[in-house]
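Chains, contacts and geometry: an overview
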Amino acid sequence: MEWQNLAKILMFFGVLLLGLGAILYILSRFGFHGLWGDIVVKRENFTFWFPLGTCIVISLLLTIIANLFFRR
């Protein structure tokens, strides 16, 4: 793999991460704090949040994208 190809791939993923970060930032400003299936336990001075539903959705999306790009 040439350096130019690697640079293009890194720039693509950088822009993708920037876009996802902007979307999450905007959604959090409107009160969105997770998907269904996210586990949240709130106690007096302790909060535990495990984003199970979010992890499943992200995993499915990344699997679909990987299959589209790396299909042989």
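Refer to the preceding data block for the structure.
So, here's what we can say about the structure.

Rules behind the numbers
Residues numbered from 1 in each chain as written. Predicted model: local features only at pLDDT ≥ 70, side-chain atom pairs only at ≥ 80, totals over all residues. Heavy atoms only, no water. Helix = DSSP H or I, 4+ residues; strand = E, 2+ residues; numbered from the N terminus. Rg over C-alpha atoms; globule rule 2.2 N^0.38 Å. Buried < 20%, exposed > 50% of the residue type's maximum accessible area, 1.4 Å probe, protein only. Phe/Tyr/Trp six-rings, centres within 6.5 Å; stacked < 30°, edge-to-face > 60°. Pairing = 2+ DSSP bridges.

**Considerations on the overall build of the protein**
What the protein contains, in helices and strands, is two helices and two strands. Helices (α) and strands (β) of the protein occur, in sequence order from the N terminus, as α-β-β-α. Taken over the C-alpha trace, the protein has a radius of gyration of 17 Å; the compact-globule value for 72 residues is 11 Å, which it surpasses by more than 25%. By principal-axis analysis of the C-alpha atoms, the protein measures approximately 55 × 25 × 20 Å. Buried residues in the protein amount to 4% of all 72 residues.

**Details of the packing of aromatic side chains**
Here a ring pair, both rings aromatic, is described through the centre-centre distance and the interplanar angle of the planes. A full pass over the atoms with the stated rule returns one aromatic pair. Measuring from ring centre to ring centre gives 5.3 Å for Phe12 and Phe13, while their planes differ by 70 degrees; the resulting arrangement is edge-to-face. Note on Phe12: relative accessible area 45%, which makes it partly exposed.

**Details of the pairing of strand β2 (residues 47-50)**
As paired strands, strand β1 (residues 39-42) and β2 are joined by four bridges and run antiparallel to one another. Each bridged residue has a counterpart across the sheet, and for Ile39 the counterpart in β2 is Phe50. Between β1 and β2, which pair antiparallel and follow one another directly, the connecting turn spans four residues.

**Here we look at the environment of Gln4**
With respect to the helices, strands and loops of the structure, Gln4 is situated in helix α1 (residues 3-29). The class for Gln4 is exposed, based on a relative accessible area of 58%. In the structure, Gln4 is positioned 33 residues away from Gly37 in sequence and 41 Å away in space, judged by C-alpha atoms.

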